[in-house]
Amino acid sequence: MGEFSSLKRNDILNKMEQNEFDILIIGGGITGAGIALDATTRAMKVALVEMCDFASGTSSRSTKLVHGGLRYLKQFEIKEVADLGKERAIVYENGPHVTTPEWMLLPFHTGGTFGKFTTSIGLKVYDYLAGVKKSERRKMLSVSETLERVPFIKKTGLKGSGFYVEYRTDDARLTIEVMKAAVEKGATALNYMKVENFCYDEHGNAIGAEATDTLTGESIKIRAKKIVNATGPWVDQLREIDGSKSGKHLRLSKGVHIVFDESVFPLHQAVYFDTADGRMVFAIPRSGKTYVGTTDTFYDGDPAEMYATKADRDYILKAILYMFPELNVSEANIESSWAGVRPLIHEEGKAPSEISRKDEIWESKSGLITIAGGKLTGYRKMAETVVNLVAKKLSDSDNHHFGKSITRKLPISGGDIGGSHNLEAFLQNKQKLAESVGLSQEEGRRLAKLYGTNIDKVLELLPEENRSIPRAVYAQLLYGIQHEMVVKPVDFFIRRTGELLFDIDAVEMWKRDVLTFMSEIFQWTEIEKQQLEAELNEELAQAAGRAAVTV
Ligand SMILES: Cc1cc2nc3c(=O)[nH]c(=O)nc-3n(C[C@H](O)[C@H](O)[C@H](O)COP(=O)(O)OP(=O)(O)OC[C@H]3O[C@@H](n4cnc5c(N)ncnc54)[C@H](O)[C@@H]3O)c2cc1C
């Protein structure tokens with residue numbers, strides 16, 4: 001079992017430098033994490049490096065749905081929809097704590113994208129392609145049934161709605177749980193390690209990479225037989241370094257989401273609805289909040305510096321008022337937001353929303369394997385395909401044979417609860433356990449959903465009494481540092497707990513104490529502490545729309 005504690009960074013770094021790996025994966029988003037898990041469970045020696053925090057790229061900035069992509073049926077991407085649809089159930093079974101079935105309402109109005117007939121047929125085909133179980137197959141709702149679920153939906157021209165199942169997830173936590181599973185099985189992984197260059201043998205084959213620890217500036221060489229570029233929106237930058245950026249390339253498309261408190265946007269039913277300009281947008285209730293998105297516009301800036309602009313917010317507000325005209329929401333009600341870029345494979349003359357979301361694998365002359373495009377939902381299957389290729393290459397060159405992928409039935413970290421049908425019993429059990437150590441049942445349920453079976457380790461870290469921060473927050477933070485590679489306050493508040501997105505007031509409340517506590521543990525200098533505080537404040541300001549650059 002590998003280490004995943006940020007207090008053991010030096011040991012992990014030494015291990016990376018001293019070993020030769022079968023596969024080096026660059027990028028710690030869902031794609032890289034999935035490849036690491038698939039490869040390590042096939043007995044490959046695996047290293048993974050991430051230049052920022054795990055899931056800090058696109059994999060914490062999505063719509064947070066594990067879905068088959070209903071919309072792609074319009075583009076007749078039948079195989080894509082069928083593959084993704086089937087993966088939904090697999091992702092759910094392997095990590096039921098981090099993925100939840102969510103009934104989605106698809107309203108249709110006179111003159112809208114879908115009519116009653118097309119909705120009915122479309123959803124039926126969707127269910128069929130995804131092999132959906134009987135209890136979750138689509139239903140058609142009348143106008144009054146639709147209004148029962150969302151009383152403030154646009155009534156003019158309302159004809160009814162389709163009602164079908166998707167899955168809601170926390171993209172960053174899904175990524176972390178997959179990453180942890182890979183490390184538990186033996187992978188060596190490190191965040192804040194940026195690949196700057198490749199190393200080649202005399203025949204021009206890539207045999208390693210030079211990576212810099214962005215916390216210390218120290219550089220190391222990592223040796224590997226095969227290298228996989230899983231850097232999402234950054235894949236072309238790595239191909240450029242490899243001298244192989246020719247032919248197909250990426251086109252980035254920006255997507256923004258905004259968050260409201262349920263007191264101003266009282267949605268208790270997820271809705272997938274038309275915008276006035278013919279696109280489709282999700283509104284999804286989650287833990288006392290409602291989030292809405294997304295936009296889809298070409299983006300040429302730096303994918304690491306991505307925030308919602310005023311124009312993005314205005315677009316989504318307009319879409320909300322188009323479908324929910326009785327709501328009284330405005331810019332001032334937006335509590336938080338996030339923005340990400342889709343790494344789409346460029347197709348000449350097409351608008352962003354017309355470009356296919358499917359993935360492709362490219363191999364350069366040096367042997368660098370690049371995985372481009374794709375969806376969060378399809379991560380496991382995509383990883384299997386990439387590792388099949390790597391296994392073949394390794395067996396061709398080394399005559400070393402690796403087995404078949406086993407991830408279809410492999411729980412991710414925290415997901416080993418005996419299948420989704422056991423979820424409720426598991427949650428109730430952990431509620432009682434939490435109560436026995438002095439937490440409320442509600443808190444116990446929240447922690448069990450966040451950490452799955454790892455909740456036991458979190459509860460072991462509970463201090464006797466509240467310190468300046470509540471006991472549960474303290475235990476979560478310690479667990480994050482010791483078992484989830486939390487290095488900075490932003491890692492904790494954005495990617496390990498999601499609070500900066502869905503409970504921004506809690507971040508404001510605990511940020512100083514969390515900083516002080518982390519500073520004691522990591523022995524930060526006053527300057528380091530100030531820099532990390534400024535970084536957190538900048539993220540808070542950007543999310544809340546208070547920052548100078550959100551013009
Ligand atoms: C707005 C939006 C909504 C979406 N909604 C959904 C959805 O609901 N469902 C769904 O299934 N999919 C959705 N997607 C797609 C999905 O989020 C992405 O396909 C997926 O997250 C991509 O993961 P990735 O690992 O390939 O890329 P990323 O998550 O971006 O990971 C790449 C990583 O590589 C790192 N990296 C880059 N350069 C280097 C380097 N030199 N050295 C080391 N590391 C490096 C980056 O820091 C980054 O963390 C959405 C995407 C967007 C933008």
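A. Region of interest: the overall build of the protein chain. Along the backbone of the protein chain there are 17 helices and 18 strands. Taking 2.2 N^0.38 as the reference for a compact globule, 551 residues should give roughly 24 Å; the C-alpha atoms of the protein chain span a radius of gyration of 23 Å, in line with that estimate. Counting only C-alpha atoms, the protein chain reaches 70 × 55 × 50 Å along its principal axes. When contacts within the protein chain are restricted to residue pairs at least 6 apart in sequence, long-range pairs at least 24 apart make up 72% of them. Only carbon and sulfur atoms are counted for the fraction: they give 50% of the accessible area of the protein chain, which is about 22400 Å². Side-chain charges of the protein chain comprise 71 positive and 77 negative groups, with the mean position of each set lying 6 Å from the other.

B. A look at the side chain of Lys 511. Tracing the backbone through its elements, the reader meets Lys 511 in helix H16 (residues 504-522). Relative accessible area serves as the criterion here: at 14%, Lys 511 is assigned to the buried category. Polar contacts involving the side chain of Lys 511 include one to the side chain of Glu 508, which spans 3.1 Å. Setting aside chain neighbours within four positions, we find Lys 511 in contact with Phe 493, Leu 536, Asn 537 and Leu 540.

C. Structural context of the site of the ligand. The environment of the ligand is made up of 38 residues, and the closest members are Thr 31, Glu 50, Ser 59, Leu 65 and Thr 377. Glu 50 is positioned with one of its side-chain polar atoms (N or O) 2.6 Å from an oxygen atom of the ligand. Leu 376 places a main-chain nitrogen or oxygen 3.1 Å from an oxygen atom of the ligand. Burial of the ligand by the surrounding chains reaches 97%, relative to a free accessible area of 1000 Å². The set of elements that each furnish at least two residues to the shell around the ligand consists of helix H2 (30-40), strand E8 (193-200), strand E11 (250-261) and strand E16 (336-345).

D. Inspection of helix H17 (residues 526-544) at higher detail. With 19 residues, H17 extends 27 Å between its outermost C-alpha atoms, agreeing within 8% with the 27 Å of an ideal straight helix rising 1.5 Å per residue. What H17 keeps buried is the set Lys 529, Leu 532, Glu 533, Leu 536, Leu 540, Ala 541, Gln 542 and Ala 543. Tucked into the core, H17 has its buried residues touching helix H8 (310-323), E16, helix H14 (489-496), helix H15 (499-502) and H16. A positive phi of about 75° marks Gly 545, the residue just after H17.

E. Seen up close, the pairing of strand E4 (residues 99-109). Counted residue by residue, E4 has eight buried out of 11 residues, so it is predominantly covered. Across 11 bridges, the pairing between E4 and strand E6 (residues 158-169) is antiparallel. Its bridge partner being in E6, Leu 106 is matched across the sheet by Gly 162.

Rules of the game
- Residues numbered from 1 in each chain as written.
- Predicted model: local features only at pLDDT ≥ 70, side-chain atom pairs only at ≥ 80, totals over all residues.
- Heavy atoms only, no water.
- Helix = DSSP H or I, 4+ residues; strand = E, 2+ residues; numbered from the N terminus.
- Rg over C-alpha atoms; globule rule 2.2 N^0.38 Å.
- Contact = heavy atoms within 4.5 Å.
- Areas by Shrake-Rupley, 256 points an atom, 1.4 Å probe, with all protein chains shown as cover.
- Lys, Arg positive; Asp, Glu negative; His and termini not counted.
- Charge placed at Lys NZ, Arg CZ, Asp CG, Glu CD.
- Buried < 20%, exposed > 50% of the residue type's maximum accessible area, 1.4 Å probe, protein only.
- Polar contact = N/O pair within 3.5 Å; in protein donor to acceptor, adjacent residues only side chain to side chain.
- Near = heavy atom within 4 Å.
- Expected span 1.5 Å × (residues − 1).
- Pairing = 2+ DSSP bridges.

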